[in-house]
Amino acid sequence: MEAKNSYQSMLKATTLFGGVQVANILMALLRSKFIALFIGPAGMGIASLLMATLNVILAVTNLGLDRSGVKEIAAYDTQSKEDQKNILRILKTLFLVTAIIGVVLLVITAPWISLWTFGDNHYATHIRALSIALLFKQLTQSTLTRLQGLRVLKGLAKANVWGNFLALLVTIPLYYYWRIDAIVPAIILSAVISFAVAQFIDAQRKDSIAFIAPIKAWQEGTPMMRLGLMLSLSSIVTLLVGYGMQLLISGIGGLAQVGLYNAGFLILNTYVGLIFTAMGTDYFPRLSAVGEDLLQTRAIVGNQAEMATLLMLPIIVVFLALAPWIITLLYTAEFEAVVPLVRWGILGMLFKAVSFSLGYVIIARGDSKLFLRTTLSFNALLFTINAVGYYYWGLSGLGLSFLVYYIIHFFSLIFIVRWRYALGLSKGLYAIFTLGLILCVAVLLSSTAQASVLQIALTALLIVITCLFSLYRLNQRIDLIDMLRSKMDKDSHEH
């Protein structure tokens, strides 16, 4: 019964984790569609490189305040009202100081960034203009951090959704009329609009926070900044690896290839990766709560890995079979060159479903040294394999290298958690994973074979078998049919 409740909790967290993330992803999908339609792969390549530059400078200069700030603010129950106000004042001032540092750094280094990124100084002015977006993005994050720490969750949700929605409405006409010339104004306007929305929502709390002397804020906020840097290290390294990869692709294949690369990985990491984001909201707190209890940890990790595998399987086989149509729908026919990348890369998501579940054990145990070593090692490996894959085989090689990386990641984490924590996975999970892998490979082979009535029928049959297998196993674990029936009965009674 306890295991069943655990599975039901995971499923609810995964399917009902909040409409905010779904809404934001839908808006990102629409934005990508219009950008692809109006400026094509080369334009998307320029936009991707500019946004990557902005994100790296932001990540490096904000000192992880968005993470450590939430943690500090959330400790309010153990502090006096004045202590609470003081932390908010320190945080607000530090966000402004780091924003100014980021602006100055971007303005000064713009010619060198343009040279590294685009091969000449032509984009130096564009990069300097992005400093305006950096300032507003950092100030917006200051407000969102405050709302999240104070658990003003409805306000946080509204700020995210309305900020993204209004930015989408304003920037689409810009791309339509100005095409590639709209990239920088669109980025700046989006940042300004998000800031205005966040400020409007925060002002409704009627609890204004003043700035304090920057030197005092820096001195008193040093522990917060140290913690923030530690917490955000993984994100910074990941951003740097992604940025480096885009620079490599731009140098070898040109801006259009960068646009195609970003389009492919946007599918893998955003649309398909949504399921991992959903799981993380519930999984990490539950795993942290059991501490070092080996039996409970093994049960939670095993259940999570199985749930992730079963939920990912139908998504993977559909993308494997329908990748050309999905990519044309999400972007345009110009982006069909990214199909091999998506097909190979999405197969890697099956391995990620298990390694994702194992990786959280290191974080939940607070094993900071091991976490640091694995973060740096895995990111270095990812960059190396991707660079080799692209250099020799182009976009197809990138998809294949992504798959190879997650296979290595999968076996490495199995070894690490067994060696470090004596934590192993069940034979039942390995059986489910192996069968799922066989079905995915069968769909990949079938969907890439010469088109015929038999090929279409076989691919469709394999998709149906995979979906039925996932539903059958999920129903065994959580009585999925009973859950759906109960939900329908409840809805009918309410109406």
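Structure: see above.
Calculation rules
Residues numbered from 1 in each chain as written. Predicted model: local features only at pLDDT ≥ 70, side-chain atom pairs only at ≥ 80, totals over all residues. Heavy atoms only, no water. Axes fitted to C-alpha atoms, helices over the stretch in contact; angles between N-to-C directions. Helix = DSSP H or I, 4+ residues; strand = E, 2+ residues; numbered from the N terminus. Parallel < 35°, antiparallel > 145°, perpendicular 65-115°, else oblique. Left-handed = near helix turned anticlockwise from the far one by under 90°. Nonpolar A, V, L, I, M, F, W, Y, C, P; charged D, E, K, R; others polar. Buried < 20%, exposed > 50% of the residue type's maximum accessible area, 1.4 Å probe, protein only. Core = buried A, V, L, I, M, F, W, Y, C linked by side-chain atoms within 4.5 Å. Phe/Tyr/Trp six-rings, centres within 6.5 Å; stacked < 30°, edge-to-face > 60°. Lys NZ or Arg CZ within 6 Å of the ring centre and 35° of its normal.

**Brief notes about the packing of helix H13 (residues 339–364) against helix H14 (residues 368–421)**
Now for step 1: Where H13 contacts H14, the two axes come as close as 9 Å, and the packing angle between them is 15°. The angle between H13 and H14 places the two elements in the roughly parallel class. Where H13 crosses over H14, the handedness of that crossing is left-handed.
Now for step 2: Its residues placed into classes, the contact of H13 with H14 shows 26 nonpolar, eight polar and one charged.

**Some remarks on the environment of Leu468**
Now for step 1: Relative to the assigned elements, Leu468 resides in helix H16 (residues 453–478).
Now for step 2: Residue Leu468 is classed as exposed on the basis of its relative accessible area, which comes to 53%.
Now for step 3: Along the primary structure Leu468 and Pro314 are separated by 154 residues, whereas in three dimensions their C-alpha atoms are 9.0 Å apart.

**Description of the nonpolar core**
Now for step 1: One finds Leu50 and Tyr331 to be the most contacted residues of the largest nonpolar core, which totals 118 residues.
Now for step 2: A per-element tally of this core places helix H12 (residues 294–330) first, with 18 residues.
Now for step 3: Ranked by size, the runner-up nonpolar core spans 14 residues in total, among them Leu63, Ile90, Ala217 and Met224.

**Side note on the packing of aromatic side chains**
Now for step 1: This structure, assessed with the given rule, holds 19 aromatic pairs.
Now for step 2: Each ring, one from Tyr331 and one from Phe335, has its centre 5.1 Å from the other, and the planes form 25°; the classification is stacked. For the pair formed by Tyr331 and Phe335, the shared burial category is buried.
Now for step 3: A ring pair is formed by Phe351 and Phe410, whose centres lie 5.4 Å apart and whose planes are at 80°; its orientation type is edge-to-face. Pair noted here: Phe351 is in helix H13 and Phe410 is in helix H14, with a separation of 59 residues, a long-range link. Here Phe351 and Phe410 have matching classes, each one buried.
Now for step 4: Taken together, the aromatic side chains of Tyr261, Phe265, Phe378, Phe402, Tyr405 and Tyr406 make up a single cluster linked through ring pairs.
Now for step 5: Sitting above the plane of the Tyr176 ring, Arg179 keeps its charged end 5.6 Å from the centroid.

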